[in-house]
Amino acid sequence: MILRPKLLVLDEPTSALDMTVQSQIIDLLRKLQEKHRLAYLFISHDLAVVRALSHKVLVMKNGDIVESGEVAEVFQHPQTNYTRELMAAAFSLTSAAVRR
């Protein structure tokens, strides 16, 4: 942060962390973003983390963008079958893990 970047690229920054530490890192990233007016390019397969941290989202399949938009819009009204399948798979797994 000493170099005052405007953009940070974060590639799966929370993937190996448990839920408690993930939450702490997300909170820290939000605080740093606000304090330093940062933009993040956040790359992740964890859609819950993407939804918690992002303002806009790009959905990619085989290196191609298949959908993009505001997070709330894409998550609530996915336009492509691929995005709908991703959401269904990601959130049914999350729900199953919570029920255990």
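Just so you know, these numbers come straight off a predicted model, no measurement behind them.

Peer 1: Help me out: how do you make sense of the environment of Leu10 in this one?
Peer 2: Along the chain, the position of Leu10 falls in strand S1 (residues 7–11). Residue Leu10 is classed as buried on the basis of its relative accessible area of 14%. Those residues in contact with Leu10 that lie beyond four places of it in its chain are Leu29, Tyr40, Leu41, Phe42 and Ile43.

Peer 1: Explain the pattern of salt bridges here, please?
Peer 2: Proximity of charged atoms lets side chains of opposite charge pair with each other. Applying the stated criterion across every chain, the model contains one salt bridge. Close ionic contact of Asp27 with Arg30 constitutes a salt bridge, the shortest N to O distance being 3.8 Å. One end of the pair, Asp27, and the other, Arg30, are both in helix H1 (residues 19–36), three residues apart, so they sit about a helical turn from each other. On the basis of relative accessible area, Asp27 is assigned to the partly exposed category, the value being 35%.

Peer 1: Can you help me understand a positive patch on the surface in this one?
Peer 2: On the surface, a cluster of positive charge is made up of Arg4, Lys6, Lys35 and Arg37. Looking at the element boundaries, Arg37 is found in the loop between H1 and strand S2 (39–43). Using a relative accessible area of 71% as the deciding quantity, one classes Arg37 as exposed.

Peer 1: For this particular structure, what's the right way to read the nonpolar core?
Peer 2: Proteins that are soluble and globular tend to have nonpolar side chains buried together. Membership of the largest hydrophobic core comes to 18 residues, with the highest contact counts inside it found for Leu29, Phe42, Leu47, Phe75 and Met87. Within the residue set of this core, elements represented by two or more residues are H1, S2, helix H2 (47–53), strand S3 (56–61), helix H3 (71–76) and helix H4 (81–99). Of the residues forming this core, the biggest block, four residues, is contributed by H2. Once residues lying within four places of it in the same chain are set aside, the contact partners of Phe42 are Leu10, Pro13, Leu29, Val49, Val50 and Leu53.

Peer 1: Even after reading the chapter, I still don't get the environment of His55, so can you show me in this structure?
Peer 2: Residue position: His55 is located in the loop between H2 and S3. Considered as a pair, His55 and Glu70 are 15 residues apart in the sequence and their alpha carbons are 5.9 Å apart. Other than its neighbours up to four places away in sequence, His55 contacts Gln33, Gly69, Glu70 and Val71.

Peer 1: Explain unusual backbone geometry here, please?
Peer 2: The phi torsion of most residues other than glycine is negative, and most of the peptide bonds are trans. Phi at Arg4 takes a positive value of approximately 55 degrees, unusual for a residue other than glycine. Mapped onto the elements of the fold, Arg4 is located in the segment before S1. Despite not being glycine, Asn62 shows a phi value in the positive range, around 55 degrees. In this structure, Asn62 sits in the loop between S3 and strand S4 (64–70).

Here is what the cut-offs are and how they apply
- For every chain, the first residue of the written sequence is number 1, and numbering continues from 1 onward in sequence order.
- Local features in this predicted model are restricted to residues whose pLDDT is 70 or higher, and side-chain atom pairs enter the listing and the counts only when it is 80 or higher, whereas totals over whole chains, interfaces and linings include all residues.
- Side-chain numbers here rest on the full set of heavy atoms in the structure, without hydrogens or water.
- By definition, any uninterrupted DSSP run of H or I lasting at least four residues is a helix, any uninterrupted run of E lasting at least two residues is a strand, and each is numbered from the N terminus.
- Only protein chains enter the accessibility calculation, which uses a 1.4 Å probe. A residue is then buried if its area is under 20% of the maximum for its type, exposed if over 50%, and partly exposed in between.
- By definition, residues are in contact when any of their heavy atoms lie within 4.5 Å.
- Only one rule defines a salt bridge in this text: a Lys or Arg side-chain nitrogen within 4 Å of an Asp or Glu carboxyl oxygen.
- Patch criteria: residues need more than 30% relative accessible area and no salt bridge. Like-charged residues are merged within 9 Å; nonpolar side chains of Val, Leu, Ile, Met, Phe, Trp and Tyr are merged within 5 Å.
- Values of accessible area rely on a 1.4 Å probe in the Shrake-Rupley scheme; residue burial ignores everything except the protein chains shown.
- None of His or the chain ends enter the tally, which takes Lys and Arg as positive and Asp and Glu as negative.
- Every charge is mapped to an atom, namely NZ of Lys, CZ of Arg, CG of Asp or CD of Glu.
- Nonpolar core, defined: a set of buried Ala, Val, Leu, Ile, Met, Phe, Trp, Tyr and Cys residues in which side-chain atoms within 4.5 Å join the residues together.

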